[in-house]
Amino acid sequence: MRNMQLPNDWSEVLKEQTKAAYFIELEQRIKVKYTSELVYPPENEIFNAFELCSFANTKVVVLGQDPYHGIGQAHGLSFSVRMGVPFPPSLRNIFKELKQDLSVQVPFSGDLSPWAKQGVLLMNATLTVKAGTAGAHQGLGWETFTDSVMERLSEEKENLVFLLWGSFAQKKEALIDTSKHLVLKSAHPSPLSAYRGFFGNKHFSKTNEYLAQVGLPTIKW
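Everything quoted here is computed from the prediction, not taken from an experiment.

The rules we used
- Residues numbered from 1 in each chain as written.
- Predicted model: local features only at pLDDT ≥ 70, side-chain atom pairs only at ≥ 80, totals over all residues.
- Heavy atoms only, no water.
- Helix = DSSP H or I, 4+ residues; strand = E, 2+ residues; numbered from the N terminus.
- Buried < 20%, exposed > 50% of the residue type's maximum accessible area, 1.4 Å probe, protein only.
- Contact = heavy atoms within 4.5 Å.
- Areas by Shrake-Rupley, 256 points an atom, 1.4 Å probe, with all protein chains shown as cover.
- Salt bridge = Lys/Arg side-chain N within 4 Å of Asp/Glu carboxyl O.
- Expected span 1.5 Å × (residues − 1).
- Polar contact = N/O pair within 3.5 Å; in protein donor to acceptor, adjacent residues only side chain to side chain.
- Arc of directions from axis to C-beta.

A. The overall build of the chain, seen in detail. In terms of regular secondary structure, the chain is built from nine helices and six strands. Buried positions account for 52% of the 221 residues belonging to the chain. The long-range fraction of contacts in the chain, counting pairs at least 24 apart against all pairs at least 6 apart in sequence, stands at 67%. For the chain, the accessible area works out to roughly 10200 Å², and carbon and sulfur atoms hold 51% of it.

B. Spatial organisation of the environment of glutamate 45. Within the secondary structure, glutamate 45 sits in the loop between strand S1 (39-40) and helix H4 (48-52). Taking C-alpha positions, glutamate 45 is 9.5 Å from leucine 127, a pair spaced 82 residues apart along the chain. Not counting the four nearest positions on each side in its chain, glutamate 45 is found in contact with Ala74, His75, Gly76 and Arg82.

C. Region of interest: the pattern of salt bridges. Considering all chains together, one arrives at six salt bridges under this definition. The partner of arginine 152 in a salt bridge is glutamate 156, and the shortest N-O contact between them spans 2.2 Å. Here the residue arginine 152 and the residue glutamate 156 both occupy positions in helix H7 (residues 142-156), the gap between them amounting to four residues, near one helical turn. Accessibility expressed as a relative area gives 23% for arginine 152, which makes it partly exposed. The partner of glutamate 173 in a salt bridge is lysine 185, and the shortest N-O contact between them spans 2.8 Å. Of this pair, glutamate 173 sits in the loop between helix H8 (167-170) and strand S6 (182-186) while lysine 185 sits in strand S6, and the two are twelve residues apart along the sequence. On the basis of relative accessible area, glutamate 173 is assigned to the partly exposed category, the value being 23%.

D. Focus on the side chain of serine 193. Relative to the assigned elements, serine 193 resides in the loop between S6 and helix H9 (203-213). Setting aside residues no more than four positions away along its own chain, serine 193 makes contact with Ala187, His188 and Phe198.

E. Quick look at helix H5 (residues 89-102). Taking 1.5 Å as the rise per residue, H5 with 14 residues should run 20 Å; its terminal C-alpha atoms sit 20 Å apart, in good agreement. The elements touched by buried residues of H5 are helix H6 (113-117), strand S5 (161-165) and H9. Immediately beyond the C-terminal end of H5, within one or two residues, lies serine 103, with a positive phi of roughly 60°.

F. Representation of the side chain of serine 80 within the structure. If you trace the backbone, serine 80 turns up in the loop between strand S2 (60-64) and H5. A distance of 2.8 Å separates the side chain of serine 80 from the backbone nitrogen of leucine 112, its partner in a polar contact. If we skip the residues at most four places from it in the chain, serine 80 touches Tyr68, Gln73, His75, Gly110, Asp111 and Leu112.

G. Examining helix H3 (residues 21-36) more closely. The terminal C-alpha atoms of H3 lie 23 Å apart, and with 16 residues this matches the ideal 22 Å at 1.5 Å per residue to within 8%. Looking at H3, one finds that the buried residues are Phe23, Leu26, Glu27, Ile30 and Tyr34. Down the axis of H3, the buried side of the element spans an arc of 105°, and every buried residue falls inside it. Residues Ala21, Val32, Thr35 and Ser36 are exposed on H3 and point more than 90 degrees away from its buried face. Against the buried residues of H3 lie helix H2 (15-18), S1 and H7.

Given below as structure tokens:
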């Protein structure tokens, strides 16, 4: 496994993090994981969210907890799956809400790369996972890194939209300066909670209304 290099402008924005002792230790831990167990996403897609959405281009942040742990699902974007992979339940509910909110028809593909390329950072709090074991790589150091991403975005940018779905994501609101960013919170899109406030949250239209108000291009969801 190569050293974990951040793509494009993230390497400069987060250079202090990648030189920190915890990140160097995390890098070694993840290297061992990839050589000793089946890990998702593939090594070259760990930082896919950052590859497709630069720091400069980020307008919206969608925070997930950790990658899908099923075969062929995770590819480095929160909630997203590759073309041809059946939609996981949470993604199915995201598309259902999107259709109700903006009359966007459910797409053929669950690959959310087009969102990322428009400035939607689809980041999980933990960037890797052991196959078949949800949360297996929590506590290795990823959370420290992704918390720092949230903090830098909050500190250095203005008029971002943070979509915090579920109690885990909502705890990250403490990292965000709500005086200069929009934070939208609701229940998680999982089947266990979607009917308790995710459906009907209208986060997609609210995001675009806010972006338009502050003079930024809206997202073609």
